[in-house]
Amino acid sequence: MNGEELMALCKRRGVFWPSAELYGGAQGLYDYGPVGVAIKKRLEEAWVQWFVGLSPDYHLIDPAEILPEAVVRASGHLANFADLEVLCGQCGTASRADHLLEEAGVASGEGLRPEEVRILLEERKVRCPRCGAEKLSVPTPFNLMFGLDFGATGRERAYLRPETAQGAYLAFPRMWEVARKQLPFGIGVIGKAYRNEIAPRQGLFRMRAFTQAELQIFFDPEEFLPEWEPMADLAIPVLRADERAAGSQEARPRTVRELVEKGGLPPFYAFHMAVLFRFARDVLGYPADRIRFLEKNEKERAFYNRIHMDLEVKLDSLGGFKEMGAVHYRGDYDLTRHGEGSGTDLSVTTSRGKHLVPHVLEVTFGVDRNLWALADLHLATEPSPDPGEPPRTVWRLPSYLAPTLVGVIPLIRKEHTSFARELSGKLRDEGLSTALELTGSVGKRYARLDEIGVPRALTIDAETITQGTVTIRDRDTRAQVRRPVIEVAAALRPGSIPPRFSAGAGEPTPGTRSISI
RNA sequence: GCGGUCAUAGUGUAGUGGUUAGCACGCAAGGUUCCCAACCUUGCAACCCGGGUUCGAAUCCCGGUGACCGCACCA
């Protein structure tokens, strides 16, 4: 399915749509509809179960979305997110002033005021890199962060967080107490982050407001040794930075053991690559041959990242591999900077009496873009198994990610609707999500459920009334089995529970395996 | 941000100066059928926004907004 078809279907079925359509739309902003909200919540819950569930010492917090200026100054976002931009007066091309200065032989344009940069550009007679005209505009700051007037006077500055991670770092001292002064411990955050992207594009991929799920693990690099051996033989496709420099574009599968023993990666790093890989493959159901890790080189990665690998997934709708998550080894950069910025010593003393600033391993996950990927990879229009019938569109979402667990359909509307309502209500009382489908032919109702990924449908017919049994239809195979009504809730419930991480190599999960009926 | 292409019911589209703005799917009501988008009847629903040209603009021009594709950007 291409990107435009996917977007059309998502708009039509209430998954998501551009924000403020009434006023012509707002670039880079999307609203989730009822189906999208449900899937997103399920996806976030699956992430929590898998990542925060890695250790009893990992905890979810919900820090503020607004950061005072001092925070982003210390974190480096104020300096690094606020590039000076110049426009060419002849061709209109926008260029980064610091890049132009660098090319002109000025070692570091960083930290200069706009006026100082303007003078330097003039002195060096810097020309537009595209058309060569010497007509560059006055440098103006272009900040990727949304600035806010904070407080009644509006004189205090604050910013919408450009990443959720900062809130976790700020919470470190308090969490050190909450986590009973033990390393390692982890902080998970799911929430919105905001970036004033120059050119938001590609649906949910480059948004100005987006949801991140991030796990920050604080640890002593000499003592952090997760048990990677059970996953030693798990093969993960990886494209290393040195291989890319040598011209290779193909990821090569290597085992976790190989990554540790030959690849020079710390065991804790390789372990979390494997955890993220298995989440994509086993929980989200992405085909293994469409997943890879891409190591960022020194130029591409932020300077504080010692190791940076993006988890990428190949999507037809966006024409190639796209970043879905990442593993960043950030060293002690964050706590050191916030220690300096706040004037507070953020080093800790461990139970073994060791004194250190904890290091951070960050495992990030883009919620919106993965929701898009779930549509790209699991939603397809295919020929009907019955000749002469129109093709059907099926979203083969894993059942624990489905917006609704089960549809309830009265076979004959006049005769079976009241029973259907009653059954639907009972299932809801038991905590299962249901969707009543009353209008149109039975086939049409199944088709509607297929399209939004509802994995099971209960059909109420004459036998339901007389015998107390219903048919349970499987979305993927269309097969039906008949079961006593009283057994239905118990049979369906396991399918609503996302898997938790367990040691071992794992295995790909077919969408609805966990519902065994 | 630059360049190109484009913008018509919920979705996909037809319409190149005067149309009751057409079609398909959809949705709703009823009938029929009674386990996979069938059929019949009826109904719902659109010219992105703002200027301009013209007797008259969905159609031509300008500006805005948004989308797609390339370039640039993506700590």
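See the structure shown above.
Let me begin by describing the structure that accompanies this report.

Cut-offs applied
Residues numbered from 1 in each chain as written. Chains lettered and ligands numbered in written order. Predicted model: local features only at pLDDT ≥ 70, side-chain atom pairs only at ≥ 80, totals over all residues. Heavy atoms only, no water. Helix = DSSP H or I, 4+ residues; strand = E, 2+ residues; numbered from the N terminus. Buried < 20%, exposed > 50% of the residue type's maximum accessible area, 1.4 Å probe, protein only. Contact = heavy atoms within 4.5 Å. Core = buried A, V, L, I, M, F, W, Y, C linked by side-chain atoms within 4.5 Å. Pairing = 2+ DSSP bridges. Axes fitted to C-alpha atoms, helices over the stretch in contact; angles between N-to-C directions. Parallel < 35°, antiparallel > 145°, perpendicular 65-115°, else oblique. Left-handed = near helix turned anticlockwise from the far one by under 90°. Nonpolar A, V, L, I, M, F, W, Y, C, P; charged D, E, K, R; others polar. Salt bridge = Lys/Arg side-chain N within 4 Å of Asp/Glu carboxyl O. Phe/Tyr/Trp six-rings, centres within 6.5 Å; stacked < 30°, edge-to-face > 60°. Lys NZ or Arg CZ within 6 Å of the ring centre and 35° of its normal.

1. What about the overall build of chain A?
If you tally the helices and strands in chain A, you get 17 helices and 26 strands. Burial statistics for chain A: of 517 residues in total, 52% are counted as buried. Once local pairs closer than 6 in sequence are excluded, the contacts in chain A between residues at least 24 apart make up 66%.

2. Quick notes on the nonpolar core
Counting residues in each nonpolar core, the largest one holds 87 residues, and the members touching the most others are Phe16, Tyr269 and Phe293. Here this core gets 12 residues from one element, more than from any other, and that element is helix H11 (residues 267–283). In this view, Phe16 contacts Met7, Cys10, Lys11, Tyr30, Asp31, Tyr32, Gly33, Leu204, Leu371 and Trp372; residues no more than four positions away in its chain are not counted.

3. A few points about the side chain of Asp461
Mapping Asp461 onto the fold places it in the loop between strand E24 (456–460) and helix H16 (462–467). The buried category is assigned to Asp461, whose relative accessible area is 12%. Those residues in contact with Asp461 that sit more than four places away from it in its chain are Leu411, His416, Thr469 and Arg482.

4. Brief notes about the pairing of strand E12 (residues 235–239)
Counting buried positions along E12 gives 4 out of 5 residues, so the element sits mostly inside the fold. In this structure, E12 lies alongside strand E13 (residues 252–255), joined through 4 bridges in antiparallel fashion. Bridge pairing in E13 links Ala235 to Thr255. As paired strands, E12 and strand E14 (residues 291–295) are joined by 2 bridges and run parallel to one another. Note that in E14 the partner of Val238 across the bridge is Phe293.

5. Quick word on the packing of helix H2 (residues 34–51) against H11
Between H2 and H11, whose axes approach to 11 Å, the crossing angle comes to 135°. Between H2 and H11, the interaxial angle falls into the category oblique. Here H2 and H11 pass one another in a crossing that is right-handed. Side by side, H2 and H11 meet where Ala46, Trp47, Trp50 and Phe51 of the first sit next to Val275, Leu276, Arg278, Phe279 and Val283 of the second. The residue makeup of the contact of H2 with H11, split by class, is 8 nonpolar, no polar and 1 charged.

6. Considerations on the pattern of salt bridges
Summed over the entire model, instances satisfying the criterion amount to 37 salt bridges. Residue Glu44 pairs with Lys40 through a salt bridge whose shortest N-O separation is 3.2 Å. Here Glu44 and its partner Lys40 are both found in helix H2, 4 residues apart, which amounts to about one turn of the helix. Given a relative accessible area of 16%, Glu44 falls into the buried group. The buried category is assigned to Lys40, whose relative accessible area is 14%. Where Asp233 meets Arg257, a salt bridge forms, and the shortest distance between an N and an O atom there is 3.6 Å. With a gap of 24 residues between them, Asp233 in the loop between strand E11 (209–219) and E12 and Arg257 in helix H10 (residues 256–261) connect regions that are remote in the sequence. Sharing partners across several salt bridges, the network here consists of Glu163, Arg330, Asp334 and Glu362.

7. What to know about the sheet that holds E14
What the 9 strands build is an open sheet, ordered E3-E10-E11-E19-E16-E15-E14-E12-E13; its pairing is mixed. Two strands close off the open sheet at either side, each with one partner strand: strand E3 (58–61) and E13. The sheet shows a mean angle of 30° between the axes of neighbouring strands, taken without regard to direction. Alignment of E3 against strand E10 (residues 185–194), held across 4 bridges, turns out to be parallel. Counterpart to Leu60 in the pairing with E10 is Gly188.

8. Brief notes about the sheet that holds strand E9 (residues 156–160)
Pairing between sheet strands relies on hydrogen bonds along the backbone, with the strands arranged either parallel or antiparallel. The sheet built from 3 strands is open, its strands ordered E4-E9-E8 with antiparallel pairing. Across the chains shown, the open sheet's two edge strands, defined by having one partner strand only, are strand E4 (66–68) and strand E8 (147–150). Each strand of the sheet is rotated relative to its neighbour by a mean of 40°, with strand direction disregarded.

9. Focus on the packing of aromatic side chains
Each aromatic ring pair is characterised by the separation of its centres together with the angle its planes make. Taken as a whole, this structure holds 23 aromatic pairs when the rule is applied. Taken together, a centroid distance of 6.5 Å and an interplanar angle of 40° make the contact between Trp176 and Phe185 tilted. For the pair formed by Trp176 and Phe185, the shared burial category is buried. Their ring planes at 80° and their centres at 5.4 Å tell us that Phe279 and Phe365 sit as a pair that is edge-to-face. Residue Phe279 is located in helix H11, and its partner Phe365 is located in strand E19 (residues 359–366); the two are separated by 86 residues in the primary sequence. Comparing Phe279 with Phe365, the two get one shared label, buried. A network of ring pairs unites the aromatic residues Trp47, Trp50, Phe51, Phe271, Phe279, Phe365 and Phe501 as a single cluster. In this arrangement the basic side chain of Arg292 is found over the ring face of Phe321, its NZ or CZ atom lying 3.9 Å from the centre. Across the ring face of Tyr329, the terminal group of Arg306 is positioned such that the distance to the ring centre comes to 5.5 Å.

10. Some thoughts on the pairing of E9
Look at any regular strand and the pattern is simple: side chains alternate between the two faces of the sheet. Bridge analysis of E4 against E9 gives 3 bridges, and the strand direction is antiparallel. Considered in E9, the bridge of Pro68 is made with Ala158. Sheet topology places E8 next to E9; 4 bridges connect them, and they run antiparallel. Residue pairing for E9: Phe150 is matched across the bridge by Glu156. Between E8 and E9, which pair antiparallel and follow one another directly, the connecting turn spans 5 residues, one of which, Gly151, has a positive phi of 85°.

Keep in mind that these numbers describe shape and distance, not what the molecule does.
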